[in-house]
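Observations on the three-dimensional arrangement
Take a look at the letters that make up each chain.
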Amino acid sequence: MSTTTEAPPTPSPPPPRQSRRAGAGRLAAALVTPTMLVLALVVAYPVLAAFRLAFYQKKDGIDPETGLLEQGETFVGLENFTDMLVGDAGDRFRNALFNTTSFTVVAVSIEVVLGVLMALVMHRAFKGRALVRAAILVPWAVPTAIAGLLWRWIFQADGVVNKVLDLETPILWTTDGFQAWVAVVIADTWKTAPFIGLLVLAGLQVISNEVYEAAKLDGASPWKTFWAITLPLVKPTLLVAVLFRILDTLRMFDLPFTLIGPGKDATDTITVIAYEEAVKFGKYGPASAYSVFLFLYVAVVAFVFVKLLGADVLGTRAGKKGR
Amino acid sequence: MSTTLDPTPQEVSTSPAAAKDRAWWWWLPYAGIGLIVLYCLSPFYWMLVSSLRRTNDIFADSPVPTPFSIENYTAAFADNNGFLRALLNSFLVAGITTVLVLLIGTLTAYALARLDFRGKNVVLGIVMITSMFPTISLLVPLLELFSSIGWINTYQAMIVPSMSFALPLAVWNLTTFFRQMPTELEEAAQIDGCTPAQAFRKVILPLAAPGVFTTAIITFIAAWNEFIIALSVVNEKGLKTAPVIISQFTGEYGRDTPFGAQMAAGVIVTIPLVILVLLFQRRIVAGLTAGGVK
């Protein structure tokens, strides 16, 4: 954490260095301030405001004195949270929490396995690498909302998936139920597994060939080489990629919204129900309670990843060793 | 081909078992490559093919549209959809976001990569952490704020929240690019009498142009693809962005979804990105992986 680790290995004589450092410090402050200000405005302020809003509700009664609709909001304590967990909105919220979690666990697991496989294949093949790299960026470049519409089209009752499956009764993928959940997982996997492959490939490329040659000389099988050498060496890259994918999937919105649509038990995520509360019903209090919960959920997962699994998000450890 | 796969030919002759082992699966990586390309491109191809069918045979399953038709494209651009205007809106929102973020982000990234100052890791940490925040947590309070200050149905209501994800992305990418440039550059500039600020402006910035350009592409794509913010803060048709408008296309007869027009519009929204990706794939990959691999 201390800044001294960033210092160049050859120490320069103290007096000029200090003055230069002071000058650099002032310059750095001037350069960093705009970004910090913008982030304070568009990130820090809204997050704090969400925490406040979560304890309020819009007044919807009639003022007994004037007989007019009441304006403004009242402090309701933990009511939004108790509603969300055990009250009226409890079923819907717990369902959304379950969907958010199950999407994340299942989709990210599949994506990691596929992504690592793709990376291994790309690392092996020398011909056609440019082609595959271009192809792999296409799912990444397609806007997620458009990808949702594309998969909605593919999963139509008389769409191409049902034609290929050729069942007696076509599956109604995009209505609701488990099949809708599966459709979202498939679409998400299509969109992001190649991206994980790309990141893992970059991690594979920095492993030196000598390590593999040594393993070969020792008579290690390809399987053994993968588990004992490749995987441990790409682990730092993979952990960061997985962390980012998990955080991204926890806030999933576009795919369930455009592929299935809001208000479906099987695919509503926390972000979908928070969006509906806020935009459709104008209930900022409950919507904030949902989003505060999601925020804390994301924070806990990120914390666990960084502290327990040692995901090196800032790259400081690798930086010290590598450069 | 065999030479690239077997860098040590003498080893092959000494261990025939290994050679035989390699012989039967040498084609596997190539089959794998084929599978990956198929996996990535076939859904996109289906969007393209469907968009080029006639509205009447939209449910056909031939791999090539017969006969070819641009009916769906005409339908997508029909006046009642407002698609052309939406494209312009998307361009404005994503373009302005990208420019703003690059202006601010380049300065900060330079400081983070090259200057030695107190609290650098704190700043890096803040930039990283803010990019992890769920958009909805920011959006709900901003929505309340925007409705009270009359920002609903404005461009700035889409641009300002978009900076919450675009700025960390840009700062992170640019920091990696600046770090890769040799320190000798500034040292030489300072020996020649440049202040750190001059060194940045006259030496570093021109040389960092490719990195800035790549970051611009990545940021633009991220802003162009943004959905939930634009969906929430704008309900006036003339201000909606392309992804929002496409998802709200309505059919001629009320409830049926006009899939043909949606696919055509989807192709139009995606093709510029695909062309960017094809042209700059090397740089984009370098930029994207810079965030994950250090």
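Given the structure is predicted, the values throughout are model-derived calculations rather than measurements. (Residues numbered from 1 in each chain as written. Chains lettered and ligands numbered in written order. Predicted model: local features only at pLDDT ≥ 70, side-chain atom pairs only at ≥ 80, totals over all residues.)

The interface is formed by 86 residues belonging to chain A together with 81 residues belonging to chain B. If you tally residues by element for the side of chain A that touches chain B, the top one is helix α1 (residues 14–53) of chain A, at 19 residues. In the side of chain A that touches chain B, the residues fall into 63 nonpolar, 15 polar and eight charged. (Contact = placed C-beta atoms within 7 Å. Helix = DSSP H or I, 4+ residues; strand = E, 2+ residues; numbered from the N terminus. Nonpolar A, V, L, I, M, F, W, Y, C, P; charged D, E, K, R; others polar.)

This next bit is on the domain arrangement of chain B. Domain annotation for chain B reports domain 1 (2–51) and domain 2 (76–292). Each side of the interface is counted separately: domain 1 of chain B has four residues, and domain 2 of chain B has six residues. (Domains from an automatic or database assignment.)

This brings us to the packing of helix α4 (residues 28–51) of chain B against helix α15 (residues 259–279) of chain B. All names here are of chain B. Here α4 crosses α15 at 120°, and the two axes come no closer than 8 Å. Of the possible angle classes, the one that applies to α4 and α15 is oblique. At the point where α4 passes α15, the crossing takes the left-handed sense. Note on element contacts: α15 touches α4 through F259, G260, M263, A264, G266 and V267, opposite M47, L48, S50 and S51. Looking at the contact of α4 with α15 residue by residue, the class counts come to six nonpolar, four polar and no charged. (Axes fitted to C-alpha atoms, helices over the stretch in contact; angles between N-to-C directions. Parallel < 35°, antiparallel > 145°, perpendicular 65-115°, else oblique. Left-handed = near helix turned anticlockwise from the far one by under 90°.)

Before going further, it helps to spend a moment on the nonpolar core. Ranked by size, the top nonpolar core spans 173 residues in total, and within it Y290 of chain A together with V140 of chain B carry the most contacts. Each of two domains, domain 1 (2–51) and domain 2 (76–292) of chain B, supplies a minimum of three residues to this core. Those residues in contact with V140 of chain B that sit more than four places away from it in its chain are A50, L53, A274, A278, Y284, A287, S288 and S291 of chain A. (Core = buried A, V, L, I, M, F, W, Y, C linked by C-beta atoms within 7 Å. Buried ≥ 20, exposed ≤ 12 C-beta atoms within 10 Å, placed from the backbone.)

Let us now look at the environment of L31 of chain A. On the secondary structure map, L31 of chain A appears in helix α1. Judged by C-beta crowding, with 23 C-beta atoms within 10 Å, L31 of chain A ranks as buried. Along the backbone, L31 of chain A and F257 of chain A are 226 residues apart, and their C-alpha atoms lie at a distance of 39 Å. What L31 of chain A contacts, discounting residues up to four positions off in sequence, is L107, T108, Y110 and A111 of chain B.

Attention now goes to the packing of helix α3 (residues 90–124) of chain A against α4 of chain B. Where α3 of chain A meets α4 of chain B, the axes come as close as 9 Å, and the angle between the chain directions of the two elements is 125°. One finds that α3 of chain A runs oblique with respect to α4 of chain B. Note on packing geometry: the crossing formed by α3 of chain A with α4 of chain B is left-handed. Residues M118, V121 and R124 of chain A of α3 of chain A pack against P29, G32, I33 and I36 of chain B of α4 of chain B. Partitioning the contact of α3 of chain A with α4 of chain B into residue classes produces five nonpolar, one polar and one charged.

So, about the confidence of the model for chain A. Residues and elements named next belong to chain A. Of the residues in chain A, 87% reach a pLDDT of 70 or more, and the chain-wide mean stands at 85. Across residues 1–15, confidence stays below pLDDT 50; counting only partners more than four residues off in sequence or on other chains, it has nine contacts. Overall, residues 317–323 carries pLDDT values under 50, and its contacts beyond four positions in sequence, including any with other chains, amount to six contacts. (pLDDT = per-residue confidence, 0-100.)

Below, the discussion takes up the environment of Q179 of chain A. All names here are of chain A. Along the chain, Q179 turns up in helix α7 (residues 178–205). In this structure Q179 comes out as partly exposed when scored by C-beta crowding, with 14 C-beta atoms within 10 Å. Linking Q179 and F155, residues 24 residues apart in sequence, is a C-alpha distance of 10.0 Å. Those residues in contact with Q179 that sit more than four places away from it in its chain are I171, L172 and W173.

On to unusual backbone geometry, then. A cis amide bond links T66 of chain B with the next residue in sequence, P67 of chain B, at an omega value of -10°. Within the chain, D166 of chain A stands out as a residue other than glycine whose phi angle is a positive 55°. Examined against the element boundaries, D166 of chain A turns out to sit in the loop between α6 (160–165) and α7. A positive phi is found at N153 of chain B, a non-glycine position, where the angle reads about 65°. By secondary structure assignment, the location of N153 of chain B is in the loop between α8 (135–148) and α9 (156–180).

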